[in-house]
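The chain contents come next:
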Amino acid sequence: MSTKKAPAKRKISTTKAKAKEKTSLLVQTKNLMADERFRFLLSIVMLASSVYVLVAFVSFLFTWKADQSYLDYGFFDYMSSDIMVENWAGKTGAALSNLFIFRWFGIASFGFVFLMVLSGLELVNVKLLSLRESIKNAVFGVLWTSITLSYFFADNYLFLGGSYGYFISNWLEGALGMAGTFFILFIAIIGFVIFTFENAFFWLKNFILNYSSTKTLKKAVQSASLSVKQKEVKESVEKAATQEETPIKKAESVAKKETFQNFIPQNKVIDMDTNEPLQMVDRQKFTLDDSGKKIKKKEAQNDLGFEVNDTKENLENKVTEAAEKLDDKLNDRLALDVEHNQDIEADVISTLPDEVYDPTLELSNYRLPSIDLLEDHRAQNSEVTKEELISNKNKIVETLKNFKIDITKIKAMIGPTITLYEIIPAAGVRISKIKNLEDDIALSLAALGIRIIAPMPGRGTIGIEVPNQKPEIVSMRSVISSTKFQESKMELPIALGKTISNESYVVDLTKMPHLLVAGATGQGKSVGLNVIIASLLYKKHPAHLKFVFVDPKKVELTLYEKIEKHFLAKLPESEEAIITDNNQVVNTLGSLNVEMDNRYNLLKKAQVRNIKEYNAKFIARRLNPEKGHLFLPYIVLVIDEFADLIMTAGKEVELPLARLAQLARAIGIHLIVATQRPSTNIITGVIKANFPTRLAFKVASMIDSRTILDSPGANQLIGRGDMLISEGSDLVRLQCAFVDTPELDKITAYIHSQQSYTSAMILPDYSKEEGESKKEIDLTKRDELFDDAARLIVMHQQGSTSLIQRKMSIGYNRAGRIIDQLEAAGIVGKYEGSKARQVLYSDEYSLEQFLTSLNN
């Protein structure tokens, strides 16, 4: 038995060895491709090969006839020393060209050269285009081009489509005929274009619709123009007939006027200020006797709708000649090319009183998201029971009586998460005495988040806010569908949630004009940002609003990448519209400052005070686009984690942000800044002074609440979307609406599925001014402690001004000058915000050598 099993075991072990060897080979290949040096070398080989193949292909187009006698040879026979070819790339190039162009795909094979270039650049992380998409498009392009060229040129130029294209084209013609093959090729390229390029379908659809409407409009313009001019001629002749001067002289003046003065100028609009509808004027028929009186007749003898006596031939000839010249002039103008016709039509339309500029015209088919994309998250058993209300009321009254405080009246107002109990104390009771019982009332009710409002603004009562045992979730759907939001006429409406009285709370971002959001981790801050963004998406067209997203955490705002070409704005040459790199934030803020200055210059030229007046003037076509005027969309800057930016960039972020907050409201740039650390070193006085509207979720301490709201209360919230909003001196408690990630996915997918712009809005380019760079430092005038400070820095490997100040017992200014000298000498690196400078010398020996050379 053992002798029979041995071969089987040997076979299994051999299979395992081969599998192990194969796995090892794959691992080695993977490690080799991960080596940057190998990838660089392979990239050079790939690019050089692409150039060689390109030379061979191009040469084949000129030398294929001379090398034709060798085309039937095998490859190794082809390489024989007895055979001479004229291809510029030699025998190998001739063989490759013959294979790809003649035997395979014709001149479409140049697409493979393009793929080789992309692959070579991809190896060194240079991404011109998506390699995967390019391969897919190139394969289709090569096959389709080969077949198409063979379809049209196979009889005379076989190499254009190659043998592959020739055989496929012949097969299609035999199966479908010439017409069927043509339709197959046409449908294939149309389908490829529609599914490859996002806006191709909408462009094609709009082109067809616009072409048909252009022909209709052209006819209407021609008819209206002819009727208007004919009416003018008729009225002039009638006037001539009634005046005392002779009809012949009057006809001469009318003819001269119509011929030389009243033709429609090319760059002017037609005056259509008339109460009559655009229709052909009734052609009245009349004659003129010798005295010049008008006599009606039954028959007309010319196209203008009137006739004259036989004795007045000159008058008839003059007027008829003027009318014919007028008709010829109009017909010639209306027969110009398409662009000129469109200009005339645009001029005529622009004179109509109800025709204004439409900024949404480019995306005229855009539809706002449907409410059906949102879900109703409300629970069925979340209502406050009568027993709960009575129990809380009795406990409040009992607690107050224990401290000898009488009340005359108490009433309750039920909200989604809290219930407000309003009490009217008896005469002589001090309000401060009730306010100090906050903890005692919370103890008796066994509830967290008790907040006493004493007194209630404008009511003459004292409010006690008590959390409900079963809080209700306020769904985004209920707030968006509310009448208050749907019928709002605000510029940038935001539906934040519901108040204690269960009313939807809708505010206008342009009135805030900036919003500061703070809250501890997990208390609903990110959901609040999504609610704000979703509210604007549900109300605004992409032409009216653009977002700039800053997301240092890289996961909160990535949901909105799909709507980049609809609603986002980004820096020039930036690959991603959502900014996740803190180093780019400074450039983005600088770019927004440049955009702000540019917009203020436009407002100055237009002599208006804010963006609303400017856009109204532009829509009414009272501003000339040729002078730089354009429609200005609102821009909303959303920063998700401000604390991280302050820690890494400091003043480089704070100062441009403060400038935007001070000046940008009038030109339509609004800021929404969120942070989970509302401490004084993050929310500085400069920031607070320029953010009058602040929104606070639950925070950890009263100090944090005072930092964000300038008053306590945020530390007493119950979390999960419970928040306070401060607008001036008033505090309003809200339950933030809830929108889940799947709902946001549906909204962004719906917007993404519609026609978009070709790219995101491009912000102005920004580069730091040269004046901001430090001046050159004369190292011949070094500080006396320069050498000692250099040794200290290298020894501790920490380039810090405070280290020099502390260890050498000198002032901050002198320590700062020394660190600048060390930077100029190349001992420490540049300033990096709150981080310590990089030390460029790793050991003291190399430093001493440098100092010796510097001193000499």
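Everything quoted here is computed from the prediction, not taken from an experiment.

*Asks:* Is there a simple way to explain the pattern of salt bridges in this structure?
*Replies:* When the charged atoms of two side chains lie near each other, side chains of opposite charge can form a pair. One pass over the structure, following the stated rule, counts 17 salt bridges. Note that R814 is salt-bridged to D783, the shortest N-O span being 3.0 Å. Placement of the pair is R814 in helix α28 (residues 812-825) and D783 in the loop between β17 (761-762) and α26 (786-796), with a sequence separation of 31 residues. Judged by its relative accessible area of 18%, D783 is buried.

*Asks:* What exactly am I supposed to notice about the sheet that holds strand β13 (residues 669-675) here?
*Replies:* Within a sheet, adjacent strands bond to each other through the backbone by hydrogen bonds, running parallel or antiparallel. One open sheet accounts for nine strands, arranged β8-β7-β16-β15-β14-β9-β13-β12-β10; its pairing is mixed. Strands with a single pairing partner mark the edges of an open sheet, and in this sheet they are β8 (504-508) and β10 (545-550). Here the average twist between neighbouring strands, direction ignored, is 25 degrees. Sheet topology note: the strand β14 (residues 693-696)/strand β15 (residues 722-727) ladder contains four bridges and is antiparallel. Paired with T693 across the strands is E727, a residue of β15. Against the sheet, helix α22 (residues 651-663) engages β12 (634-639) and β13, with an angle of about 130 degrees to β13.

*Asks:* So what exactly am I meant to see when it comes to the pairing of β13 here?
*Replies:* In the case of a regular strand, side chains alternate between the two sheet surfaces. Taking burial as the measure, the seven residues of β13 include seven buried ones, the bulk of the element. Burial along β13 is two-sided: the face carrying I669, L671, V673 and T675 and the face carrying H670, I672 and A674 are both buried. Two elements, strand β9 (residues 515-518) and β13, share four bridges in a ladder whose sense is parallel. Bridge pairing links A518 to T675 in β13. Relative to β13, β12 runs parallel, the two sharing five bridges.

*Asks:* How should helix α14 (residues 438-445) be read in this particular structure?
*Replies:* One turn of an α-helix holds 3.6 residues; hence residues three or four places apart share an orientation. Among all positions of α14, only E438, I441, A442 and L445 are buried. Looking straight down α14, one finds its buried side chains confined to an arc of 100 degrees; they lie on one side. Those residues of α14 that are exposed and aimed more than 90 degrees away from the buried face are D439 and L443. Those residues of α14 that are buried lie in contact with α12 (386-402), α13 (431-435), β5 (451-453) and β6 (462-467). Phi turns positive, to about 55 degrees, at A446, one or two residues after α14.

*Asks:* Before we go on, may I ask you to explain the environment of R609 in this structure?
*Replies:* For R609, the location among the structural elements is in the loop between α19 (582-606) and α20 (611-619). When the C-alpha atoms of R609 and I667 are compared, they prove to be 8.6 Å apart, with 58 residues separating the residues in sequence. Apart from residues lying up to four places away in sequence, R609 is in contact with L603 and A666.

*Asks:* Is there a simple way to explain the pairing of β15 in this structure?
*Replies:* The element β15 is largely enclosed, with a buried count of five among its six residues. Looking at chain direction, β15 and strand β16 (residues 730-736) are connected through six bridges and run antiparallel. Looking across to β16, one finds that I725 is bridged to V732. Counted along the chain from β15 to the antiparallel partner β16, the turn is two residues long, and its residue G728 has a positive phi close to 80 degrees.

*Asks:* Would you mind going over the side chain of S800 with me for this structure?
*Replies:* Within the secondary structure, S800 is located in the loop between α26 and α27 (801-808). Separated by 2.7 Å, the side chains of S800 and S802 make a polar contact. If near-sequence neighbours (up to four positions away) are discounted, S800 is found in contact with I793 and I819.

Conventions and cut-offs
- Residues numbered from 1 in each chain as written.
- Predicted model: local features only at pLDDT ≥ 70, side-chain atom pairs only at ≥ 80, totals over all residues.
- Heavy atoms only, no water.
- Salt bridge = Lys/Arg side-chain N within 4 Å of Asp/Glu carboxyl O.
- Helix = DSSP H or I, 4+ residues; strand = E, 2+ residues; numbered from the N terminus.
- Buried < 20%, exposed > 50% of the residue type's maximum accessible area, 1.4 Å probe, protein only.
- Pairing = 2+ DSSP bridges.
- Axes fitted to C-alpha atoms, helices over the stretch in contact; angles between N-to-C directions.
- Contact = heavy atoms within 4.5 Å.
- Arc of directions from axis to C-beta.
- Polar contact = N/O pair within 3.5 Å; in protein donor to acceptor, adjacent residues only side chain to side chain.

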